[in-house]
Every structure is written in structure tokens, then in C-alpha cells.
Amino acid sequence: MKTIPAMEELENLTLLGNVTSMIGQSGPSTLKMVFDVVIKVTLIIIMLGMGSVTELDPLLKHIKRPIGILIGMTSQFIVLPLVTFGLAHALMLPNVAALGMLVMGCCPSGSTSNVFTYWVEGDVPLSISMTTVSTVLAFGLMPLNLLIYSGSWTDENLVIPYINILISFAMTISPVALGILLRWKYPKIANVFVKIGSIAGALAVVLTLTLMSLLYPFMYKATWKIYIGAILLPFVGFIFGYFVASVCRMEPFRRRTVALETGIQNFPLCMTLLSLSYSREVFAEISLFPLLYGVTCIVASVIFAVIYRIVATFKAKTKKQKEYNQTDEENRKSLKETSKFMADINFDDDD
């Protein structure tokens, strides 16, 4: 039976040496508890805010005609796992790192994709629909993808955390439903929660990066191959998600939505799966890639949003300048015609 081997190469020995202290250095239990509670609370506030920006009719439209959802799920559960599998082989990652990368690529989309979609002026109802549907489909498609692709590195059975998937589903759908109700009944109050949700999203970014760095500082000692993989995976998700949406001729704002949904994975779910499937010693090794990915994914998503904002601002200024120039040209033309008309009148008076 093929299992995750003890490190056979010098690079693998270096990796093992970097992470063997994880059990003792994973951070104070109080800080870990604070991290879990704070992130869960901020995610609930984010989803309440995103639900508050969502009207029921567009959401029902996506459900009744789930073309966008189907395109997103194709990108999420067919394209991304295959690309992740190929990328892990291309980088020739150690078995433990490659398996951690594969599990990450097979997870459903994360809830933070919704607030990033809002920040890049994407289709928030589509984003929420995709997050919800991908979480439900993860019950079947996640173990299927792992069964198909994990054979290159292990033939051990991975434990799918179905309870955690249900919790993730509940944490998505419940605050969203409440937000939609607020938008329907009390739109002014809903607008307040939208702003609160956006602020909570920014706070979640800062807190996640800070607390993860405090809890798991050893992850920054990863080998360069793991760094490359952790940096590339979210961008590869963005690119392929956008590509699939473009091939299917979706509108630009929906392409951005699909790209974010494909590139942002459910990191906590990945960590839970690995902790249930492996001993503490093996978990210390195999969690290295997902931990580093948790950081790079947030940074990549922020870069995605910043680039969009810069491009959108530039286009808006260019459009405004073009409209100003066009108006100025029309005014000049009108003034010229008026002057000519007045000159003709004066000529007639002289006659």
C-alpha cells in the first residue's frame, strides 16, 4: 500500500525539519480560540452584509436559469482540480506538499469571495449562489476529485468533514437569508449592514493575516517550491475561472465573479479534512501548503481587487475626459455655426 513516505530527498528532509516543531509552536490555545471565534463572527457579519446588498429577484433568476452557476461549478470542480493536479506535478512537490495542494484545490469556494466580489463590482447574487451550490456539491464532488487525483501521492482514504461542510453551508445561507429579508423589508437598514459587512471584510483580511502569522510562523520557512505553488494556485484559479467565463461569453462583471469564486478556496475546510485524516505528526507536514496558501490567497485577492479599482478608476477618468472633449467639440462647433449665422444676418442687413 502506497503511503506518504518518510522524506527521501534532501529537500524533503529540510521541509520536515521546518515543521516538526508545529505541535509545540502552533500558538497558545487561547489565541487559537480567539482566531476561530473572531473569523467565524466576521464571516457571519460579511455574509449578512452581502445578503443585504442582494435583491431576491436577481438571486431567483440565477436559480431558475443557473447558467452562470453551472459555468462557475465547471470551473470550480472540473477545471481547478485538474489544473492543481498538473501544477503540483510540474513543480515536482514533495508528496505531502502536493497532497496538501490537491486537497486545497478540490475544496469548494470560500465565503470571503463574496465580499471581494462586492469590492470589484461583480455579481454578488451570482457569487452567493455559487458559494452555496459549491458547498452543497462538495459533499459528492470533493471526495470524487480526491479519489481521481490523489493516487499519484497516496492511496490512503481521506476523511471528508461532512459536518463541517454543513456548518459552512449554514454560516453562508442563514445570514444571507436574513440580509435579503432586510433588503426587502427595510432597505435603509440593509444599506447600513452592507457598509458594516464591507468593513468586516477588510477587518477579516487584516486579522487573518496577523493571527495566522502569530499562530503558525513556521509556515514562512517553507521551501521555494511550496512558496511558488502557494503563490501560483490562487492566481491560476483567477485566470482559469475568468477564461472559462469568457469562453462562455459571460458579461465582464460576471467573469470577475467566477474568477474570484474559482480562485478563493475554503481554507478552514481543507485544514479540518487534513486534521481528521492524518496523525498529528503527518498533519504538521501536510498542512504547510494550505497554511501558506491561506496567506497568499488573501494577498492575491487583495491584489485582484486593487488592480480592478485602478483600472476602473483610469477608465472612468478616460471616459469622463472623452465626454468632456466631445462636449467641448460640440460647443465649439455650435459656436462656430452660430457665429456664421450671425455673420450672414449682418451681411443681409447691410444689403
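Our subject is the structure that appears above.
Residues numbered from 1 in each chain as written. Predicted model: local features only at pLDDT ≥ 70, side-chain atom pairs only at ≥ 80, totals over all residues. Heavy atoms only, no water.

> What should I look at first to understand the overall build of the chain in this one?
Secondary structure assignment for the chain yields 15 helices and 0 strands. In the chain, buried positions account for 48% of the 351 residues. A sequence separation of at least 24 residues applies to 85% of the contacts in the chain between residues at least 6 apart. Approximately 17700 Å² of the chain is accessible, and the part contributed by carbon and sulfur atoms is 67%. (Helix = DSSP H or I, 4+ residues; strand = E, 2+ residues; numbered from the N terminus. Buried < 20%, exposed > 50% of the residue type's maximum accessible area, 1.4 Å probe, protein only. Contact = heavy atoms within 4.5 Å. Areas by Shrake-Rupley, 256 points an atom, 1.4 Å probe, with all protein chains shown as cover.)

> Hey, could you run me through the pattern of salt bridges in this one?
Pairing between side chains becomes possible if they bear opposite charge and their charged atoms approach one another. Tallying each qualifying case throughout the model produces 2 salt bridges. Among the ionic pairs, D123 bridges to R254, the shortest N-O distance being 2.7 Å. Of this pair, D123 sits in the loop between helix 7 (112–119) and helix 8 (124–149) while R254 sits in helix 12 (residues 252–263); the two residues are 131 residues apart in sequence, bridging distant segments of the chain. Residue classification places D123 among the buried residues on the basis of a relative accessible area of 6%. The salt bridge involving E251 is made with R254; its shortest N-O contact spans 3.1 Å. Residue classification places E251 among the partly exposed positions, given a relative accessible area of 35%. Here the salt bridges do not stand alone but share partners, grouping D123, E251 and R254 into one network. (Salt bridge = Lys/Arg side-chain N within 4 Å of Asp/Glu carboxyl O.)

> Mind showing me how you'd approach the packing of aromatic side chains here?
To describe a pair of aromatic rings, one takes the distance between the centres and the angle between the planes. Tallied over the full model, the rule gives 6 aromatic pairs. A centroid spacing of 5.2 Å and a plane angle of 40 degrees characterise the contact between F85 and Y149, whose relative ring orientation is tilted. Remark: Y149 occurs in helix 8 and F85 occurs in helix 5 (residues 67–90); sequence separation between them is 64 residues. Measuring from centroid to centroid gives 6.3 Å for Y216 and F218, while their planes differ by 90 degrees, and the two rings are edge-to-face. For the pair shown, Y216 and F218 are each scored as buried. (Phe/Tyr/Trp six-rings, centres within 6.5 Å; stacked < 30°, edge-to-face > 60°.)

> Can you walk me through a nonpolar patch on the surface in this structure?
On the surface, M33, V37, V41, I45, V192 and I196 cluster together into a nonpolar patch covering about 490 Å² of accessible area. Taken together, the elements giving at least two residues each to the nonpolar patch come down to helix 3 (29–52) and helix 10 (187–215). On the secondary structure map, V41 appears in helix 3. Under the relative-accessibility criterion, V41 is labelled partly exposed at 41%. (Patch = residues over 30% accessible without salt bridge, like charges linked within 9 Å, V, L, I, M, F, W, Y side chains within 5 Å.)

> Sorry if this is basic, but what is going on with the state of the cysteines here?
Note on terminology: a disulfide is the covalent bond linking the sulfur atoms of two cysteines. Enumeration according to the criterion identifies 0 disulfides in this entry. The cysteine C270 is free of any disulfide, with C107 supplying the nearest cysteine sulfur at 4.6 Å. By relative accessible area, C270 is classed as buried at 0%. (Disulfide = S-S within 2.5 Å.)

> Is there a simple way to think about the packing of helix 7 against helix 8 in this case?
Pairs of packed helices are described in terms of their axes, by the angle between the two and the distance that separates them. At their nearest, the axes of helix 7 and helix 8 sit 9 Å apart, and the two run at 165 degrees to each other. Classified by the angle their axes make, helix 7 and helix 8 are roughly antiparallel. Here helix 7 runs over helix 8; the crossing is right-handed. Within the contact between the two elements, helix 7 uses S113, N114, T117 and Y118 and helix 8 uses V124, S127, I128 and T131. Counted by class, the contact of helix 7 with helix 8 contains 3 nonpolar, 5 polar and no charged residues. (Axes fitted to C-alpha atoms, helices over the stretch in contact; angles between N-to-C directions. Parallel < 35°, antiparallel > 145°, perpendicular 65-115°, else oblique. Left-handed = near helix turned anticlockwise from the far one by under 90°. Nonpolar A, V, L, I, M, F, W, Y, C, P; charged D, E, K, R; others polar.)

> Is there a simple way to explain the environment of C248 in this structure?
Along the chain, C248 turns up in the loop between helix 11 (224–247) and helix 12. On the basis of relative accessible area, C248 is assigned to the partly exposed category, the value being 39%.

> I would appreciate a short explanation of the side chain of N145 in the present structure.
Mapped onto the elements of the fold, N145 is located in helix 8. Engagement of the side chain of N145 in a polar contact is seen with the backbone oxygen of F77, the distance being 3.0 Å. Excluding anything up to four places from it in sequence, N145 contacts F77, P81 and C106. (Polar contact = N/O pair within 3.5 Å; in protein donor to acceptor, adjacent residues only side chain to side chain.)

> Which parts of the structure should I look at to understand the side chain of T117?
Looking at the secondary structure, you find T117 in helix 7. Judged by relative accessible area, which is 0%, T117 ranks as buried. For T117, the residues in contact, after removing those within four places along its chain, are G122, D123, V124, S127, T257 and L260.

None of the figures reported here should be taken as evidence of function without further support.
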